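Inside the fold
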Amino acid sequence: MIDKQVIGPGEAVGGIADGDTVMIGGFGEAGSPIELIHALIDQGATGLTVISNNAGNGEVGLAALIRAGQVAKMICSFPRSSNSTMFQEMHRSGRIELELVPQGTLAERIRAGGAGIPAFYTPTAAQTDLAAGKEQRQFNGRPCLLEHALVADWSLIRARTADRHGNLLYNMTARNFSPVMAMAGRTTVVQASSVVEPGALDPETVVTPGIFVDRVVHVANPQHESELVASGARYP
Amino acid sequence: MIDKQVIGPGEAVGGIADGDTVMIGGFGEAGSPIELIHALIDQGATGLTVISNNAGNGEVGLAALIRAGQVAKMICSFPRSSNSTMFQEMHRSGRIELELVPQGTLAERIRAGGAGIPAFYTPTAAQTDLAAGKEQRQFNGRPCLLEHALVADWSLIRARTADRHGNLLYNMTARNFSPVMAMAGRTTVVQASSVVEPGALDPETVVTPGIFVDRVVHVANPQHESELVASGARYP
Amino acid sequence: MNTPVGLSREQIARRAARDIADGSYVNLGIGMPELIAGFIPPDRQIVLHTENGLLGMGPAPGPGGGNPELINAGKKQVTVLPGGSFFHQADSFAMIRGGHLDLSVLGALEVAANGDLANWSTGRPGAIPAVGGAMDLVSGVKAVYVITRHCTRDGTPKLVERCSYPLTGAGVVNRIYTDLAVIDVTADGFGVTEVSPGISLAEVAAHTAAPLLDRRSSAIPSSAAAP
Amino acid sequence: MNTPVGLSREQIARRAARDIADGSYVNLGIGMPELIAGFIPPDRQIVLHTENGLLGMGPAPGPGGGNPELINAGKKQVTVLPGGSFFHQADSFAMIRGGHLDLSVLGALEVAANGDLANWSTGRPGAIPAVGGAMDLVSGVKAVYVITRHCTRDGTPKLVERCSYPLTGAGVVNRIYTDLAVIDVTADGFGVTEVSPGISLAEVAAHTAAPLLDRRSSAIPSSAAAP
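Here goes a summary of the coordinates provided. Residue indices follow the written sequence of each chain, beginning from 1 at its first position. Just so you know, chain letters begin at A and ligand numbers begin at 1, following the order they were written in. The predicted origin of the model limits local features to residues at a pLDDT of at least 70 and limits the giving and counting of side-chain atom pairs to 80 or more, whereas totals for whole chains, interfaces and linings rest on all residues. The side-chain numbers reported here are obtained from all heavy atoms of the structure, hydrogens and water having been left aside.

Moving on, we get to the environment of B:Arg158. With respect to the helices and strands, the residue B:Arg158 is situated in strand 9 (residues 152-163). With 144 residues separating them in the primary sequence, B:Arg158 and B:Gly14 have C-alpha atoms 17 Å apart. The contact rule is simple, with two residues in contact once any of their heavy atoms fall within 4.5 Å. If sequence neighbours within four positions are ignored, B:Arg158 has contacts with B:Glu29, B:Ala30, B:Gly31, B:Ser32, B:Pro33, B:Tyr170, B:Ser178, B:Gln191, B:Pro222 and D:Glu69. There is a polar contact of 2.7 Å between the side chain of B:Arg158 and the side chain of D:Glu69. In this text, helices come from DSSP runs of H or I with a minimum length of four residues, and strands from runs of E with a minimum of two, each type numbered from the N-terminal end. Here a polar contact is taken to be a pair of N or O atoms separated by no more than 3.5 Å, where protein atoms must pair a possible hydrogen donor with a possible acceptor and residues adjacent in sequence count only if both atoms sit in side chains.

This is the structure we're talking about:
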């Protein structure tokens, strides 16, 4: 029988090792798997490369993971935040490396990783500073850059509903990067607000088919990052 | 007000010109927009390049379009059919050109066309006869081929339900190529079994967002290709 | 040099909104471009796209009606209109990069006479760069409008011969709406198609660090810019 | 030379099914591979993928229960099991090409000792080539099993030193199940791990057009292949 459910966030992130690459879903707080991130802080793996659109808020979630010194490199599109200086301080002092990627190129590189496309061309960022070091080639008269797929040892994402096969539904704009990260993670770990039996989801409306998912953990009432930040919370 | 609905299949295919490239959805009969194809036969544009997974069945739908001599070139993955020799005869006698593309590469080239990716690399078909004439390059130690995006002047597809903005739902495995073809057509034309008001579809479950759709025509009871073929029907 | 008083932020947004065709699919950048949503003429239906994964974005929710998982690219709470849809990032950027959006309206640090845009980084040492979807938007969307103050707070012109800040995209801007004028980027450089009420072409030129062509049509009197 | 009588088509399928691990995601090719679905041991749950856009494919519908829009890659009517999902072609082939499927079971015209597979075209002049998803499957899926008669109807070996037909993929096959034997493709060529009941290794060798290594383990007696 296929049952991908595990007991708690600790078991869900078990096995993440020093030096691993970890994709973390979310656009700001929407879709950020905060309980999984906190479990990763408890777990303590270091030297991580983290692929996530942003670099966290306040002193919880991804910002707390960065503050804990567990992240060696961030691959993201928008590491600035109005309420966190964690990444900026670590980066300025040379303790964390940054690969800045346009948001659409980031999404497409992650999808490519999940779809077995090793590399593709795009006009985005051609003739800009972010083209530095990239191969350039003309298509249809336009300069394009060669962009390589991104894959990860782990993808940590959040869903609204999962079944025990790992089929997923998301909630509104919290969907963002999660479906493509689920595809690109060698082990994809999902925290879901509700977990249902196979057959409870309409096969027409499944957003992420279970084949892309390895572990599901039920977190009935995920914390809201913005509320934690507003209250000045710190993790741990 | 946005209302993409047009009156009938004839109006829906209006403007298709000699020499145009036309994507046609469907995997066999599932998802094939048979009323739109028949309207295209009535309309009479010739010298078409048709991109579709198969090459039709019997003497209706795509097979009838081919028999009518309107197709100069087929781009497809599986042009053989147990009940049609239309394409085979035309191809053997040199009246129709064939570009044979692995099914996954076909789907990915169409998606790339819709997503603004001019070209990508894939290991599929490397070291085979279908690699002839294609650039080869190693990624991760594997030989890969450079594949170019496919776009079309027109995409003709079939959906279960459309709203007047062009948001679409499909029916089971009739979904197949339609969502990516909707993306890759400069003008995308949809025949839908039902047409509803904007707001009637759940924004979470829309498969093809309306931005990819230009014209919607209501065909309440589409013909079943397999029934037509079994009855020996011919179009026109 | 003090910049003369032309249109307010809201007036610039209203002026730009007038040029958006009925039925357009539009992405509005963070900041002044967002104001445009409030000035769409009532006889037109515009579908707003927000790159974090929503088409058919509606206005901010009423008090108590918001949801932290229904946000726009600026991470502000929004609503979804009838006919809207949610999708993931790769699909969202396929809309942008695949040329499906009719218009992207962005802010600017600098716009050059050749259409180059700089709006993502000052390139200052120690500044944390952040690009988001700006480079995807300018490379993929059918038309790019810039909506901006004509000069910075200290009076430095933002419309220049060549950008000094790092580029967001080369040759990508089609039109610029400022407090002083509406300016097209033409093959020959900046072409002024309208000046704001009470502003002279000479004043616009005095606050622009590149040559201006007079492309005003008598058919479009500058008073048409009045709100 | 007449091929000795080994396993039936159903027995080959049953033998192959025994090696599919619980919880696997599997794509079964058209023809003999399809039979495997009927022989999955009852203590295992296997999720079947059909590349036209369905995960969680179930058996053929009962009389009157079919739907022409719920079909498999062979265009036969099927059903969907609890936990199933529908998706479009690019997503379906992302599963295949992205290495998410555990196993692809395919038929063959020829398999070579280096793992080359030919199963899509005889290359005969005038034949209409048709490839479908075969090249995607062999290049993307984690393991590729071939299930086939050991020889063609006229007794010609299908297991050869080098393929004479156009390749589907180079070096892609991991294991072959035939009426006569189970054969692994190893770095040193074909390795026989099992012969069918009543068949000798010499008989297998006599009907194989490439050298065979004896890789039978005493831990797996050949009688284990009995249905």
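Contacts between chain D and chain A engage 20 residues on the former and 21 residues on the latter. Summing both sides of the interface, chain D and chain A together bury roughly 1700 Å²; the carbon and sulfur share of this comes to 59%. Salt bridges, as used here, are contacts in which a Lys or Arg side-chain nitrogen is within 4 Å of a carboxyl oxygen on Asp or Glu. Linking chain D with chain A are zero salt bridges. Viewed at the interface, chain A and chain D are joined by seven residue pairs in polar contact (both at pLDDT 80 or more). Counting residues per element, the ones that place at least two in the side of chain D that touches chain A are strand 4 (79-86) and helix 3 (89-97) of chain D. Tallying contributions element by element places strand 4 of chain D first for the side of chain D that touches chain A, with six residues. Residue classes in the side of chain D that touches chain A are distributed as 11 nonpolar, seven polar and two charged. Accessible area that two parts lose when put together, evaluated with a 1.4 Å probe and summed over both, is termed the buried area. Classification used: nonpolar for Ala, Val, Leu, Ile, Met, Phe, Trp, Tyr, Cys and Pro, charged for Asp, Glu, Lys and Arg, polar for all others including Gly.

With that settled, the discussion passes to the interface of chain A and chain C. Quite often, the size of an interface is put as the accessible area lost when its parts meet. Taken residue by residue, the interface counts 45 residues in chain A and 35 residues in chain C. Carbon and sulfur atoms supply 62% of the area buried between chain A and chain C, which totals about 3300 Å² over both sides. For chain A, the biggest contributors to the area lost against chain C are A:Phe27, A:Met172 and A:Thr173; these three give 20% of the whole. Across the chain A-chain C interface, the total number found is one salt bridge. Two residues, C:Glu69 and A:Arg158, come together in a salt bridge whose shortest N-O distance is 2.7 Å. Those elements that provide at least two residues to the side of chain A that touches chain C are helix 4 (86-92), strand 5 (97-100), helix 5 (103-115), strand 6 (119-122) and helix 6 (178-184) of chain A. Take the side of chain A that touches chain C: its biggest share by element is six residues, from helix 5 of chain A. For the side of chain A that touches chain C, the residue count by class is 19 nonpolar, 17 polar and nine charged.

Enumeration according to the criterion identifies 47 salt bridges over all chains in this entry. In this structure, A:Glu59 and A:Arg67 form a salt bridge, with 2.6 Å as the shortest nitrogen-oxygen distance. Relative accessible area decides the class of each residue, using a 1.4 Å probe on protein chains only: under 20% of the type maximum gives buried, over 50% gives exposed, and in between gives partly exposed. A:Arg67 sits in the partly exposed class, given a relative accessible area of 25%. Of the charged contacts, one joins C:Arg149 and C:Asp179 as a salt bridge, the two residues approaching to 3.2 Å between their closest N and O atoms. Of the two residues, C:Arg149 is situated in the loop between strand 8 (143-147) and strand 9 (159-160) and C:Asp179 in the loop between strand 10 (175-177) and strand 11 (181-186); the sequence distance between them amounts to 30 residues.

It is worth spelling out the packing of aromatic side chains at this point. Working definition: rings of Phe, Tyr and Trp (its six-membered ring) pair if their centres are within 6.5 Å, and the pair is stacked with planes under 30 degrees apart, edge-to-face with planes over 60 apart, and tilted otherwise. As enumerated under the stated definition, the model contains five aromatic pairs over all chains in all. Pairing A:Tyr121 with A:Phe139 gives two aromatic rings, centres 4.7 Å apart and planes at 50 degrees, and the pair type is tilted. Of this pair, A:Tyr121 sits in strand 6 while A:Phe139 sits in strand 7 (residues 136-139), and the two are 18 residues apart along the sequence. In this structure, A:Tyr121 and A:Phe139 share a single accessibility class: buried. Connected via pairs of aromatic rings, a cluster forms that spans A:Tyr121, A:Phe139, B:Tyr121 and B:Phe139. The ring of A:Phe27 carries the charged tip of C:Lys75 above its face, separated from the ring centre by 4.7 Å. Note on criteria: charge over ring means Lys NZ or Arg CZ within 6 Å of the ring centre, with the direction from the centre no more than 35 degrees off the ring normal.

Let's shift gears to the environment of D:Ala130. Mapped onto the elements of the fold, D:Ala130 is located in the loop between strand 7 (117-118) and helix 4 (134-140). Residue D:Ala130 is classed as buried on the basis of its relative accessible area, which comes to 2%. Setting aside chain neighbours within four positions, we find D:Ala130 in contact with B:Ser77, B:Phe78, B:Pro79, B:Arg80, B:Leu100 and D:Trp120.

Moving on to unusual backbone geometry. Residue A:Pro236 is reached from A:Tyr235 by a cis peptide bond, and omega for that bond is 0 degrees. By the secondary structure assignment, A:Pro236 is in the segment after helix 7 (225-230). Positive phi, normally seen in glycine, also occurs at B:Ala125, with a value near 80 degrees. Relative to the helices and strands, B:Ala125 is located in the loop between strand 6 (119-122) and strand 7 (136-139). On the basis of relative accessibility, which here comes to 3%, the residue B:Ala125 falls in the buried class. The backbone phi angle of B:Asn140 is positive, close to 50 degrees, even though this residue is not glycine.

Note on placement: D:Gly23 falls in the loop between helix 1 (9-17) and strand 1 (25-28). Spatially, the C-alpha atom of D:Gly23 lies 35 Å from that of D:Pro211, the residues being 188 residues apart in sequence. Apart from residues no more than four positions distant in its own chain, D:Gly23 is found in contact with A:Ile2, D:Gln45, D:Ile46 and D:Asp102.

Residue and element names in this part refer to chain C. A pair of strands is considered paired only if DSSP assigns at least 2 bridges between the two. With respect to topology, 10 strands assemble into an open sheet ordered 4-3-2-1-5-8-10-11-12-13, the strand pairing being mixed. The sheet terminates laterally at strand 4 (79-86) and strand 13 (212-214), the two strands that pair on one side only. Direction aside, the axes of adjacent strands within the sheet are offset by 30 degrees on average. Pairing analysis gives two bridges linking strand 2 (residues 47-50) to strand 3 (residues 54-58), with the strands arranged antiparallel. Bridged to His49 within strand 3 is Leu55. Axis geometry follows a simple rule: fit a line to the C-alpha atoms, using only the stretch in contact for helices, then measure angles between N-to-C directions, giving values from 0 to 180 degrees.

This paragraph deals with helix 5 (residues 103-115) of chain B. The first and last C-alpha atoms of helix 5 of chain B sit 18 Å apart over 13 residues, in line with the 18 Å expected at 1.5 Å per residue. Of the residues one or two after helix 5 of chain B, B:Gly116 is the one with positive phi, at around 75 degrees. By this rule the span expected of a helix is its residue count minus one, scaled by 1.5 Å.

On to the packing of helix 5 of chain A against helix 3 (residues 89-97) of chain C, then. The geometry of helix 5 of chain A relative to helix 3 of chain C is characterised by a closest axis approach of 9 Å and an angle of 125 degrees between their N-to-C directions. Judged by the inter-axis angle, helix 5 of chain A sits oblique to helix 3 of chain C. Note that helix 5 of chain A runs across helix 3 of chain C; the crossing there is left-handed. Here helix 5 of chain A contributes A:Gln103, A:Gly104, A:Thr105, A:Ala107, A:Glu108 and A:Arg111 to the contact with helix 3 of chain C, which in turn contributes C:Gln89, C:Ala90, C:Phe93 and C:Arg97. Taken together, the residues of the contact of helix 5 of chain A with helix 3 of chain C break down into three nonpolar, four polar and three charged. Orientation categories follow fixed angle ranges, with anything under 35 degrees roughly parallel, anything over 145 roughly antiparallel, 65 to 115 roughly perpendicular, and all other angles oblique. Two helices that cross are described as forming a left-handed crossing if the nearer one is turned anticlockwise from the farther one by less than a right angle, and a right-handed crossing if clockwise.

The strand order across the open sheet built from three strands is 7-6-9 (chain C), with neighbouring strands paired in mixed fashion. The outermost strands of the open sheet, each flanked by one partner alone, are strand 7 (117-118) and strand 9 of chain C.

Don't take any of this as a statement about function, it's just geometry.
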